[in-house]
Amino acid sequence: MRASVLRNGRMVYRDDVPDPVPGPGQVLVAVRACGICGSDLHFAAHGAEVAALGGQLAGGGANLDVNRDVFLGHEFTAEVLEAGPHTQTHPPGTLVTSIPVLLSAEGVEPIFSSNTTVGGYAERMLLSAPLLLPVPNGLDFKHATLTEPMAVGLHAVNKSNIEPGETALVLGCGPIGLAIIAGLALRGVKAIAASDFSPKRRELAAAMGAHQTLDPAQGSPFHAVHASVVFEAVGVPGIIDDAIRRAPTGTRLIVAGVCMQPDTVHPFFAIAKEISVQFVLAYSPEEFATSLRALADGDIDVAPLITGEVGLDGVGEAFDDLADPERHCKILVTPGGAG
């Protein structure tokens, strides 16, 4: 079958990937669309470092060889084709999505970066029958594809315990920052400020629910906003320390940006102002389902975020195009065409 795989830091097109075969508890699906995530871009550029750090986190060597082809793609909507042995699931043709995890006799395999488990940049892939969620209410499958990043934003918001009457400041309006803004609006927060150097991203922040947008080139956003909760969604060295220095006393700082480099903070400022720092990752299955319902009910509109669409042979170019925030926010890979 056809797929796009990561090879030596570049996404390359293949037409000779073996068809995946579902085992017990698994379902073969046809990928309808898969969003390109910033973490995929980062893995393409820094895969060896990511694998090494992941190995340290697990307490052993990372079970990934970056010198072999790597399957990526974890923001997907798919169509059920057939179930594995002794597996009951939704009828063929049902549109579904799922948290990106594959259950097998060998254990749990995250559908993120793998030499063996095919991800969403392919014609077909395997999913776990117990984890499937049908796409409801006639929701456009392209919009349903963004359930996963919206769940990341919702999880960050939930971890903050922000109340509707508090003020939020979001630093960075890439896809995760925008998802956080959507999650804040869903929670009913009445004062959402967003900061980004990109005019296009500030425009998207307003579309997703920000009440105020700020250009940090014109001055620190902390000068314009007295926030109770600050969300860091930039992920570069120095941002956490700057936020700690500038944030008001008692601020809750939620770190959603993934900084892969060593960073330095000055605890003195956090201690002096009793700032709480919460690092966040991913989401719960319940938050994933809540995000899907919010999309289906029209409580979150992700249409403005989808700025491009490519086939499997265009994934490499799309990775390059996403470097320009004025051109693109979220590019979808549609293996079967526009649909």
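Refer to the structure presented above.
Note that this is a predicted model, so its numbers are computed, not measured.

Rules used throughout
Residues numbered from 1 in each chain as written. Predicted model: local features only at pLDDT ≥ 70, side-chain atom pairs only at ≥ 80, totals over all residues. Heavy atoms only, no water. Axes fitted to C-alpha atoms, helices over the stretch in contact; angles between N-to-C directions. Helix = DSSP H or I, 4+ residues; strand = E, 2+ residues; numbered from the N terminus. Parallel < 35°, antiparallel > 145°, perpendicular 65-115°, else oblique. Left-handed = near helix turned anticlockwise from the far one by under 90°. Contact = heavy atoms within 4.5 Å. Disulfide = S-S within 2.5 Å. Salt bridge = Lys/Arg side-chain N within 4 Å of Asp/Glu carboxyl O. Buried < 20%, exposed > 50% of the residue type's maximum accessible area, 1.4 Å probe, protein only. Arc of directions from axis to C-beta. Polar contact = N/O pair within 3.5 Å; in protein donor to acceptor, adjacent residues only side chain to side chain. Nonpolar A, V, L, I, M, F, W, Y, C, P; charged D, E, K, R; others polar.

Asker: What's the story with the packing of helix 3 (residues 147–160) against helix 4 (residues 175–187) in this structure? I'm lost.
Answerer: Helix-helix packing is characterised by the crossing angle of the two axes and by the distance between the axes. One can describe the packing of helix 3 onto helix 4 by two numbers: an axis separation of 7 Å at closest approach and a directional angle of 60°. When the axes of helix 3 and helix 4 are compared, the pair comes out oblique. Considering how the two elements wind past one another, helix 3 and helix 4 form a crossing that is right-handed. Contacts between helix 3 and helix 4 pair Pro 149, Met 150, Val 152, Gly 153, Leu 154, Ala 156, Val 157 and Asn 158 from the former with Ile 176, Ala 179, Ile 180, Ala 182, Gly 183, Leu 184, Leu 186 and Arg 187 from the latter.

Asker: Help me out: how do you make sense of the state of the cysteines in this one?
Answerer: Think of a disulfide as a covalent bridge from one cysteine sulfur atom to another cysteine sulfur atom. What the rule picks out here adds up to zero disulfides. Cysteine Cys 37 is unpaired, with the sulfur of Cys 34 as its nearest cysteine sulfur at 9.3 Å. Take Cys 329: it sits in no disulfide, and the sulfur closest to it among the cysteines is that of Cys 173, at 9.8 Å.

Asker: Would you explain the pattern of salt bridges in this entry?
Answerer: For the coordinates displayed, the defined rule picks out 15 salt bridges. Where Arg 7 meets Asp 69, a salt bridge forms, and the shortest distance between an N and an O atom there is 2.8 Å. With a gap of 62 residues between them, Arg 7 in strand 1 (residues 3–7) and Asp 69 in the loop between helix 1 (38–58) and strand 4 (75–83) connect regions that are remote in the sequence. Under the relative-accessibility criterion, Arg 7 is labelled partly exposed at 37%. With a relative accessible area of 17%, Asp 69 lands in the buried category. Salt-bridge contacts for Asp 242 lead to Arg 246; the nearest nitrogen and oxygen are separated by 2.7 Å. Remark: Arg 246 and Asp 242 occur in helix 7 (residues 239–246); sequence separation between them is four residues, near one turn of the helix.

Asker: Sorry if this is basic, but what is going on with helix 5 (residues 199–208) here?
Answerer: Turning to helix 5, its buried residues number three or more, namely Arg 202, Leu 204, Ala 205 and Met 208. The buried residues of helix 5 occupy an angular sector of 160° when projected down its axis, which confines them to one face. Against the buried residues of helix 5 lie helix 4, strand 11 (191–195) and strand 12 (212–214). Of the residues that open helix 5, the one with a side-chain oxygen 3.3 Å from the backbone nitrogen of Lys 200 is Ser 198.

Asker: Looking at this model, I keep getting lost on the environment of Gly 250. Mind explaining?
Answerer: One can find Gly 250 in the loop between helix 7 and strand 14 (252–255). Overall, the relative accessible area of 41% leaves Gly 250 in the partly exposed class. Distance from Gly 250 to Ile 271, taken between C-alpha atoms, is 9.9 Å for residues 21 residues apart in sequence. Setting aside residues up to four positions removed in sequence, Gly 250 forms contacts with Ser 228, Lys 273 and Glu 274.

Asker: Looking at this structure, I do not really get the packing of helix 3 against helix 9 (residues 285–296). What am I missing?
Answerer: Across the interface, helix 3 lies against helix 9 with an axial gap of 8 Å and an inter-helix angle of 115°. In this structure, the crossing between helix 3 and helix 9 has a hand that is right-handed. The segment helix 3 lies against helix 9, with Thr 147, Glu 148, Met 150, Ala 151, Leu 154, His 155 and Asn 158 engaging Glu 287, Phe 288, Thr 290, Ser 291, Leu 292 and Leu 295. In terms of residue class, the contact of helix 3 with helix 9 is made up of six nonpolar, five polar and two charged.

Asker: Would you mind going over helix 7 with me for this structure?
Answerer: Count 3.6 residues to each turn of an α-helix, and residues three or four apart come out pointing the same way. Taken as a whole, helix 7 has its buried residues at Ile 240, Asp 241, Ala 243 and Ile 244. What you see down the axis of helix 7 is that its buried residues fit within an arc of 160°, all on one side. Buried residues along helix 7 sit against strand 10 (167–171), helix 6 (221–224), strand 13 (229–232), strand 14, helix 8 (267–272) and strand 15 (276–279).

Without other data, these values stay purely geometric and don't point to any function.
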